[in-house]
Amino acid sequence: KLCEFIAKIRDEIGKPKFEYKSFEVDHDIYEEIEKEFYDRMYEDVQAVDKEVRDANMDKIAEDVKAYFVEKDKEAIECITENLKKCRFTDKAIVLKQDVSAAVMSSIHECADIIFMDPPYDLQIEKKILDLLASSSIINSDSVIIVEAKLNNDFSYADELGYIIVKEKLYKTNKHVFLQKKPTA
């Protein structure tokens, strides 16, 4: 009788239901990162000797560094919390400043991959790409991925010295993959 009672109450009341939407990695971005780092990491972890393998992995860990540039306080808190959850705080530098200032004075290392997700309504992608083109933080091997509104026009990329490698379109936005043109 007790089991019947529990079943009846469960059927009447039920459990609160919620939908969990799993985070899905954008395959194009994943492929770009994989293309950039897979060969090096594969060779390093294939070392037969454990000490050599560990030394190789330590070297990779030393080389990894991520910059997060944001001026909104709440966004900074979110970034910082996510970095803690991922145990990535020692490899990340969070800069609370305007992206222009960061490109011009705070970041001094060449980036392999830059992901830009500027506010859509400001249309500042061109300004940032122009700053990046004349900075030392990118070269012709660097990949810049810009998230933008679907209707944003990137026809100016060529005049800024970029090649559009790929454009991935979604319902309301897109990812534009760019690389700096090689210097002759």
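Small disclaimer: the values here were computed from a predicted structure and weren't measured. (Residues numbered from 1 in each chain as written. Predicted model: local features only at pLDDT ≥ 70, side-chain atom pairs only at ≥ 80, totals over all residues. Heavy atoms only, no water.)

(A) Structural view of the overall build of the protein. Of regular secondary structure, the protein possesses seven helices and six strands. The helix and strand sequence of the protein, counted from the amino end, reads α-α-α-β-α-β-α-β-α-β-α-β-β. Looking at the protein as a whole, 27% of its 184 residues are labelled buried. The long-range fraction of contacts in the protein, counting pairs at least 24 apart against all pairs at least 6 apart in sequence, stands at 62%. Counting only carbon and sulfur atoms, one obtains 54% of the accessible surface of the protein, whose full area is about 13,500 Å². (Helix = DSSP H or I, 4+ residues; strand = E, 2+ residues; numbered from the N terminus. Buried < 20%, exposed > 50% of the residue type's maximum accessible area, 1.4 Å probe, protein only. Contact = heavy atoms within 4.5 Å. Areas by Shrake-Rupley, 256 points an atom, 1.4 Å probe, with all protein chains shown as cover.)

(B) Structural context of the side chain of Asn173. Looking at the secondary structure, you find Asn173 in strand β6 (residues 173-180). Among the polar contacts made by the side chain of Asn173, one reaches the side chain of Glu147 at a distance of 3.2 Å. With residues up to four places along the chain from it excluded, the contact list for Asn173 reads Tyr120, Glu147, Ala148, Lys149, Leu150 and Lys168. (Polar contact = N/O pair within 3.5 Å; in protein donor to acceptor, adjacent residues only side chain to side chain.)

(C) Structural context of helix α6 (residues 125-133). Residues of α6 that are buried: Glu125, Ile128, Leu129, Leu131, Leu132 and Ala133. Turning to α6, the residues buried within the fold contact α5 (99-106), β3 (113-116), β4 (143-149), α7 (157-160), β5 (162-169) and β6.

(D) The packing of aromatic side chains, seen in detail. As enumerated under the stated definition, the model contains one aromatic pair in all. Consider the rings of Phe154 and Tyr156, whose centres lie 5.6 Å apart with planes at 35°: the pair is tilted. Residue Phe154 is classed as buried on the basis of its relative accessible area of 4%. (Phe/Tyr/Trp six-rings, centres within 6.5 Å; stacked < 30°, edge-to-face > 60°.)

(E) Structural view of the environment of Ala111. Tracing the backbone through its elements, the reader meets Ala111 in the loop between α5 and β3. Among the residues examined, Ala111 registers a relative accessible area of 19% and is labelled buried. A C-alpha to C-alpha distance of 6.1 Å links Ala111 and Ser142, two positions 31 residues apart in sequence. In contact with Ala111, other than residues within four places in its own chain, are Ile137 and Ser142.

(F) Main features of the nonpolar core. Residues Leu129, Leu132, Ile144, Val146, Tyr162 and Leu178 are the most contacted members of the largest nonpolar core, which totals 24 residues. Every element with two or more residues in this core is listed here: α5, β3, α6, β4, α7 and β6. Look past the residues within four positions of Leu132 in its chain and what remains in contact with it is Val103, Ile114, Met116, Ile137, Ile138, Ile144 and Tyr162. (Core = buried A, V, L, I, M, F, W, Y, C linked by side-chain atoms within 4.5 Å.)

(G) Highlighting the sheet that holds β5. One open sheet holds the four strands; their spatial order is β3-β4-β6-β5, and the pairing between them is mixed. With one partner strand each, in any of the chains shown, β3 and β5 form the two edges of the open sheet. Between one strand axis and the next, the sheet turns through 20° on average, direction left out of account. Bridge analysis of β5 against β6 gives seven bridges, and the strand direction is antiparallel. In the sheet register, Glu167 faces β6, and the bridge partner there is Val176. Along the sheet, α6 contacts β3, β4, β5 and β6; its crossing angle with β4, the most-contacted strand, is approximately 170°. (Pairing = 2+ DSSP bridges. Axes fitted to C-alpha atoms, helices over the stretch in contact; angles between N-to-C directions.)

(H) Region of the structure containing the pattern of salt bridges. Within this structure, the stated rule accounts for four salt bridges. We note a salt bridge from Asp98 to Lys71, for which the minimum N-O separation is 3.8 Å. One end of the pair, Asp98, is in the loop between β2 (92-96) and α5; the other, Lys71, is in the loop between β1 (66-70) and α4 (73-85), with 27 residues separating them in the sequence. With relative accessibility at 33%, the residue Asp98 sits in the partly exposed group. In this structure Lys71 comes out as exposed when scored by relative accessible area, which is 56%. As a salt-bridge pair, Glu167 and Lys174 come within 3.1 Å of each other at their nearest N and O atoms. We classify Lys174 as buried; its relative accessible area is 5%. (Salt bridge = Lys/Arg side-chain N within 4 Å of Asp/Glu carboxyl O.)

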